[in-house]
Amino acid sequence: MASENREDAGYCTRLERALREAMGVFGEDSVDAMIMALQNKYGLRIGKPPCSSIEEIESALSEITGTGADIIVSRMRAFLR
């Protein structure tokens, strides 16, 4: 996987892109709503440094989607490679 530097704007952009691609099957509007929920309800930073870690995203997704978070995060990690 790409080196995780949460202060690096390029890494944060790649992480957001991986999240959007992993959830893309739900449609753009749903992905936008999910990212807004992650930011507003869970206080995550997505897309801009210092961005939240994959583990923080996974924890919040687990509360929202249950075991579906495993699939989303697995796909995110694949997109980051």
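Residues numbered from 1 in each chain as written. Predicted model: local features only at pLDDT ≥ 70, side-chain atom pairs only at ≥ 80, totals over all residues. Heavy atoms only, no water.

Peer 1: What exactly am I supposed to notice about the state of the cysteines here?
Peer 2: In protein structure, a disulfide is the covalent linkage between the sulfur atoms of two cysteines. According to the stated counting rule, one finds one disulfide in the structure shown. Covalently, Cys12 is tied to Cys51 through a disulfide, its sulfur atoms 2.3 Å apart. When the S-S torsion is -80°, as for the bridge of Cys12 with Cys51, the disulfide is left-handed. Here the residue Cys12 occupies a position in helix H1 (residues 9–23), and Cys51 occupies one in the loop between helix H2 (28–40) and helix H3 (54–65), the gap between them amounting to 39 residues. Overall, the relative accessible area of 1% leaves Cys51 in the buried class. (Disulfide = S-S within 2.5 Å. Helix = DSSP H or I, 4+ residues; strand = E, 2+ residues; numbered from the N terminus. Buried < 20%, exposed > 50% of the residue type's maximum accessible area, 1.4 Å probe, protein only.)

Peer 1: Explain the side chain of Ser53 to me, please; I cannot follow it from the model alone.
Peer 2: In this fold, Ser53 is placed in the loop between H2 and H3. We classify Ser53 as buried; its relative accessible area is 6%. Excluding residues within four positions of it along the chain, Ser53 makes contact with Glu4 and Arg6. (Contact = heavy atoms within 4.5 Å.)

Peer 1: Looking at this structure, how should I read the pattern of salt bridges?
Peer 2: When the charged atoms of two side chains lie near each other, side chains of opposite charge can form a pair. Tallied over the entire structure, the rule returns five salt bridges. As a salt-bridge pair, Asp32 and Arg20 come within 2.7 Å of each other at their nearest N and O atoms. Here the residue Asp32 occupies a position in helix H2, and Arg20 occupies one in helix H1, the gap between them amounting to 12 residues. Residue Asp32 is classed as partly exposed on the basis of its relative accessible area of 28%. A relative accessible area of 30% places Arg20 in the partly exposed class. Taken together, the shared-partner salt bridges connect Glu16, Arg20 and Asp32 into one network. (Salt bridge = Lys/Arg side-chain N within 4 Å of Asp/Glu carboxyl O.)

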